[in-house]
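Summary of the model geometry
Residue-level listing of the chains:
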Amino acid sequence: MNKKFLLASLKASASDWNSWHWQFKNRVTKYAALKRLLGSVPSDPTSFKKVAAAYPAAITPYYLSLIRDIRFTDPICAQSIPRREEISCGRRLPADPLEEDLKMPVPKLIHRYPDRCLAMVTEICAVYCRHCNRKRFWAARRGSLKKRWQSMLEYLATARQIREVIISGGDPLTLEDAVLDKLLGSLRALPHIEILRIGSRIPVVMPMRITRDLCRMLKRHRPLWFNTQFNHPAEITPEAARACNRLQEAGIPVSNQSVLLKGVNDSPDIMKALLNGLQKISVRPYYLFHCDPARGCEHFRTDVQSGIALMEAMRQQCSGLCIPQYVVDTPGGAGKIPLYPLSRTLQNDLKTNKHFFDKFT
Ligand SMILES: *Cc1c(COP(=O)(O)O)cnc(C)c1O
Ligand code: SF4
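Note that residues are indexed from 1 along each chain, following the sequence as it is written. Going through the entries in the order they are written, you letter the chains from A and number the ligands from 1. pLDDT decides what is reported in this predicted model: residues at 70 or higher carry local features, side-chain atom pairs at 80 or more are listed and counted, and totals for whole chains, interfaces and linings draw on all residues regardless. Side-chain calculation: all heavy atoms of the structure are included, whereas hydrogens and water are not.

**Quick look at the state of the cysteines**
What counts as a disulfide here is a pair of cysteine sulfur atoms lying within 2.5 Å. Under the definition given, this model contains zero disulfides. Cysteine 132 supplies the cysteine sulfur nearest to cysteine 117, a cysteine that is in no disulfide, at a spacing of 19 Å. Cysteine 215 forms no disulfide, and the closest cysteine sulfur to it belongs to cysteine 244, at a distance of 10 Å. Between buried and exposed lies partly exposed: a residue is buried under 20% and exposed over 50% of the maximum accessible area for its type, with that area taken using a 1.4 Å probe on protein chains only. The buried category is assigned to cysteine 215, whose relative accessible area is 6%.

Written out as structure tokens, the structure is:
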């Protein structure tokens, strides 16, 4: 979609476009608004509304501007526009396949590895990614954030074995600078917490959020690591590159966690362009997640064997610096399990432990 056309339709100026508050406030959530901006929508209105009632929609004007073709074969449409398949598979898959809800010592703090934990500090995102494995939280009622943090901080103060806290969500960068600053500061005040990590898709879906002020603030809380989620080379725009560069200039290493998504990035050409594109902006590919068997995500799932074959091809065709670890996440203590191309052994395991692996793969 043409940015100029979107600006005119939204009666906005170029400086509005560059303001993250404007982008956030003008997120498209309704069928009618999307139809008005795009001219057509790849979903029919009834499905769109039914899906959005279960799993809300929100798309920033910036992310809409990356659409090239208004069909679900377009990677931006596929990742952001509600689609019938999200509910048509019914309740066949669990809403919480990783059983995260069982690993929360206090609400919204997942502690499943001894030395690191993940704090979901909000359920709000700039764009609701249709493949999100935490989509079960979007429509749920939210309690007070202040209370949530209070109980998280109390837990973290006593959990001396934790040396790294991952601030995630939702998207933590939907919070205002001052709020984030306070939160990071109170984590920094705990002497056993050595490392902070932010997990955020903001550089991809609303890169204007990465302001100089934000970077100055984050810089004070180092060592801080930043993980984002580019899934397709079309997302590596000059704006996104600038956002990553600002973080890097503030001394914050930026890594990438992609999700392997059917029809979006499961072809060798696309994956290679994505990995090489990330290397060009100095963003290190960290994980490639096998798409979790979460309810509402079934249509995005590929099989593990083709994922392994894809990684085998990447190992041949790409620099080692571009190679992420391909992992499948599992419930309970096992956590993330790397899947290696070498694996004749694994392939045999998959056969002999079919029952175990069928659940996640
Ligand atoms: C993925 C994850 C982590 C971090 O794992 P790393 O392998 O260190 O990236 C921590 N806690 C939870 C709950 C996770 O899902
Ligand atoms: S930004 Fe992250 S948490 Fe939010 S919808 Fe996308 S994948 Fe899910």
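**What to know about the site of ligand 1**
Here a residue is near a molecule or strand as soon as one of its heavy atoms is found within 4 Å of it. Taken together, Ile110, Arg112, Tyr113, Arg116, Leu118, Ile166, Arg197, Tyr286, Tyr287 and Lys336 make up the full set of residues adjacent to ligand 1. Identification of polar contacts relies on pairs of N or O atoms within 3.5 Å, with a donor-acceptor requirement for protein atoms, meaning one able to donate a hydrogen and the other able to accept it, and with residues adjacent in sequence counted only if both atoms are side-chain atoms. Note that an oxygen atom of ligand 1 is positioned 2.7 Å from one of the side-chain N or O atoms of arginine 116. Contact distances for ligand 1 include 2.5 Å between an oxygen atom and a side-chain N or O atom of tyrosine 287. For the shell around ligand 1, the elements supplying multiple residues, two or more each, are strand 2 (116–120) and strand 7 (284–290). By the criteria applied, helices consist of DSSP H or I runs no shorter than four residues and strands consist of E runs no shorter than two, each listed in order from the N terminus.

**Observations concerning the domain arrangement of the chain**
As annotated, the domain borders come from an automatic or database domain assignment. In terms of domains, the chain is made up of domain 1 (3–88) and domain 2 (100–360). Measuring from the centre of the C-alpha atoms in domain 1 to the corresponding centre in domain 2 gives 23 Å. Buried area between domain 1 and domain 2, summed over both chains or domains, comes out near 2600 Å², and the portion from carbon and sulfur atoms is 63%. The term buried area refers to how much accessible surface (probe radius 1.4 Å) is lost by two components on association, counted for both of them together. Together, Trp20, Tyr62 and Gln79 form the three largest contributors to the area buried by domain 1 at its contact with domain 2, with a combined 31%. Here, a salt bridge means any Lys or Arg side-chain nitrogen found within 4 Å of an Asp or Glu carboxyl oxygen. At the surface where domain 1 touches domain 2, the tally comes to two salt bridges. The interface formed by domain 1 and domain 2 holds 15 residue pairs in polar contact (both at pLDDT 80 or more) in total. Looking at the side of domain 1 that touches domain 2, the elements that each hand over two or more residues are helix 3 (20–25), helix 5 (45–54), helix 6 (61–64), helix 7 (75–80) and helix 8 (85–88). Note on residue categories: nonpolar means Ala, Val, Leu, Ile, Met, Phe, Trp, Tyr, Cys or Pro, charged means Asp, Glu, Lys or Arg, and polar means any other residue, Gly included. Looking at the side of domain 1 that touches domain 2, its residues break down into 19 nonpolar, eight polar and four charged.

**Notes on empty space enclosed by the protein**
Gaps between atoms show up when a probe of the same size as a water molecule is rolled over them. Lining residues are those with an atom within 4 Å of a point, where the points come from a 1 Å grid over the protein atoms alone and group into cavities, where a 1.4 Å probe fits but cannot get out, or pockets, open sets with protein on both sides within 12 Å along at least five of seven lines. Grid points are joined across faces, edges and corners, and a volume is the space filled by probe spheres set on the points. Evaluated as defined, the whole model comprises one cavity of 30 Å³ or more. Taken together, Ala119, Val121, Trp149, Met152, Leu153, Leu156, Val165, Ile167, Leu183 and Leu187 make up the full set of residues lining the largest cavity. Looking at the lining of the largest cavity, the elements with two or more residues in it are helix 9 (145–158), strand 3 (164–168) and helix 10 (177–188). It is helix 9 that provides the largest number of residues to the lining of the largest cavity, a total of four residues. Considering only residue class, the lining of the largest cavity consists of 10 nonpolar, no polar and no charged.

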